[in-house]
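Below, each chain spelled out in residue letters.
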Amino acid sequence: MKSDPIILAIESSCDDTGAAVLRGRKVLSNVVAGQSVHEKYGGIVPELASRSHQQNIVPVVHQALEKAGIKKEDIDAIAFTKGPGLLGSLLVGSSFAKAFSMAINKPLIEINHMEAHILAHFIEGDAAPEFPFICLTVSGGHTQLVKVSAPDQFQIIGETIDDAAGEAFDKIAKIMNFPFPGGPMIDKLSKEGIADKFSFAHPKVPGLNFSFSGLKTSVLYFLKKEIAKNPNFIEENKVDLAASVQKTIIDILMKQLRIAAQQNNISQIAIAGGVSANSGLRAALKAESEWTTFIPKFEYCTDNAAMIGIAAYYKFMKGEFTDQASKASARLEM
Ligand code: KG4
Ligand code: ZN
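Read on for an overview of the structure. This structure is a prediction, so every number in the text was calculated from the model and none was measured.

### Notes on the pairing of strand β3 (residues 26-33)
Each regular strand displays side chains that alternate between the two surfaces of the sheet. Judged from the seven bridges that link them, strand β2 (residues 17-23) and β3 form a sheet pairing that is antiparallel. Bridge pairing in β3 places Ala-19 opposite Val-31. A loop of two residues connects β2 with β3, the two strands running antiparallel in sequence, and Gly-24 in this loop sits at a positive phi of about 65 degrees.

### A closer look at the coordination of the zinc ion (ligand 2)
The coordination sphere of the zinc ion (ligand 2) contains the protein donors His-113 (NE2), His-117 (NE2) and Asp-303 (OD), at a distance range of 2.0 to 2.1 Å. In the primary sequence, the donor residues of the zinc ion (ligand 2) line up as H-x3-H-x185-D. Placement of His-113 in helix α3 (residues 113-119) and of Asp-303 in the loop between β10 (292-294) and α9 (306-318) is noted, with a sequence separation of 190 residues between them. Of the residues examined, Asp-303 reaches a relative accessible area of 15% and is grouped as buried.

### So, the sheet that holds β3
Strand order in this open sheet of five strands is β3-β2-β1-β4-β5, and the pairing throughout is mixed. Here the strands that pair on one side only, and so sit at the sheet edges, are β3 and β5 (108-112). Geometrically, the sheet is characterised by an average inter-axis angle of 20 degrees between neighbouring strands, direction not taken into account. Relative to β5, strand β4 (residues 77-83) runs parallel, the two sharing five bridges. Its bridge partner lying in β5, Phe-80 is registered against Glu-110. Here helix α1 (residues 46-68) sits on the sheet in contact with β1 (6-11), β2 and β3, set at roughly 25 degrees to β2. Across the sheet, helix α2 (residues 87-104) touches β1, β4 and β5, and the angle it forms with β4 is around 160 degrees.

Each value, and the rule that gives it
- Residues numbered from 1 in each chain as written.
- Chains lettered and ligands numbered in written order.
- Predicted model: local features only at pLDDT ≥ 70, side-chain atom pairs only at ≥ 80, totals over all residues.
- Heavy atoms only, no water.
- Pairing = 2+ DSSP bridges.
- Helix = DSSP H or I, 4+ residues; strand = E, 2+ residues; numbered from the N terminus.
- Donors = N, O, S within 2.8 Å, 3.2 Å for Na, K, Ca; no water.
- Buried < 20%, exposed > 50% of the residue type's maximum accessible area, 1.4 Å probe, protein only.
- Axes fitted to C-alpha atoms, helices over the stretch in contact; angles between N-to-C directions.
- Contact = heavy atoms within 4.5 Å.

The quantities given are spatial measurements derived from coordinates; they are silent on function.
Set out below in structure tokens:
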């Protein structure tokens with residue numbers, strides 16, 4: 001088996017169209033086209049997402065190959081996100097990858113998006129975690145505590161029973177009339193706010209699971225009550241509101257992460273997914289002096305194809321390929 005395969009990876013699970021080229025574990029190019037079309041709707045519109053993927057995918061792949069200085073003939077395999085995600089979005093990436101694989105007569109590799117978020121830590125560059133480690137994967141669709149024992153051994157030890165952490169950021173931001181996606185906006189405003197100004201109750205959930213829908217509801221009722229007294233309440237308090245909400249979400253995440261680390265006697269701790277771009281969460285992790293912590297580079301936190309490429313690298317080395325019969329799966333399990 002070739003030791004440093006060249007892999008073209010495609011990511012299209014949600015609203016970002018990504019293409020990356022890797023040589024072994026090294027990223028040669030990583031191109032992402034976001035979709036501003038959803039902003040005015042305050043959330044992702046699946047129909048529009050798949051249409052935008054269709055428009056973006058050819059130019060994004062072209063750019064990724066060009067930036068990497070790689071010709072089609074040099075590619076050893078094509079990887080794509082099989083799921084989980086929006087079905088219409090996944091179909092664009094998987095169909096493109098299948099057609100490309102057939103055209104250049106090179107094998108296909110199917111990748112689980114959530115595993116890829118975690119494996120982003122193994123992209124050549126910074127130090128990678130040692131096995132076993134615990135990863136808190138926090139994105140717009142998922143919130144999971146995963147015990148990772150090998151590049152292909154993932155055990156979910158806790159997850160959200162309702163909304164994901166990213167969803168909580170986005171939904172609460174929407175209640176406060178912040179633009180979509182709300183996570184980055186709350187993060188930005190938080191930097192100037194007082195995090196202890198407002199307090200919101202923590203959920204009571206068994207084991208290592210999470211819950212965020214109660215927080216969303218309590219913020220909603222709190223704001224309704226305050227706005228009845230002062231219609232400008234949000235505008236006048238937005239930085240403190242943002243900081244308080246962000247702190248609550250981080251406290252909920254960190255509490256379960258600490259219990260998971262303790263119960264499993266593991267001190268190699270990583271975070272992954274879009275919410276791992278959050279400055280407060282990154283700082284909270286770094287402050288844990290008993291752990292060796294791993295925080296992805298910003299470009300590998302939110303959805304990107306480089307993470308699909310690194311996950312594909314491990315499958316390539318084991319000869320794990322798929323074929324034209326592979327089906328995109330919106331609810332793919334780890
Ligand atoms: O992993 P990702 O790009 O897509 C999914 O697979 O869902 O995650 C997107 C989520 C969104 O909810 C977005 O608001 C959140 O990540 N996010 C953030 C930040 N950057 C992105 N949340 C909080 N703070 C940030 N800086
Ligand atoms: Zn993601």
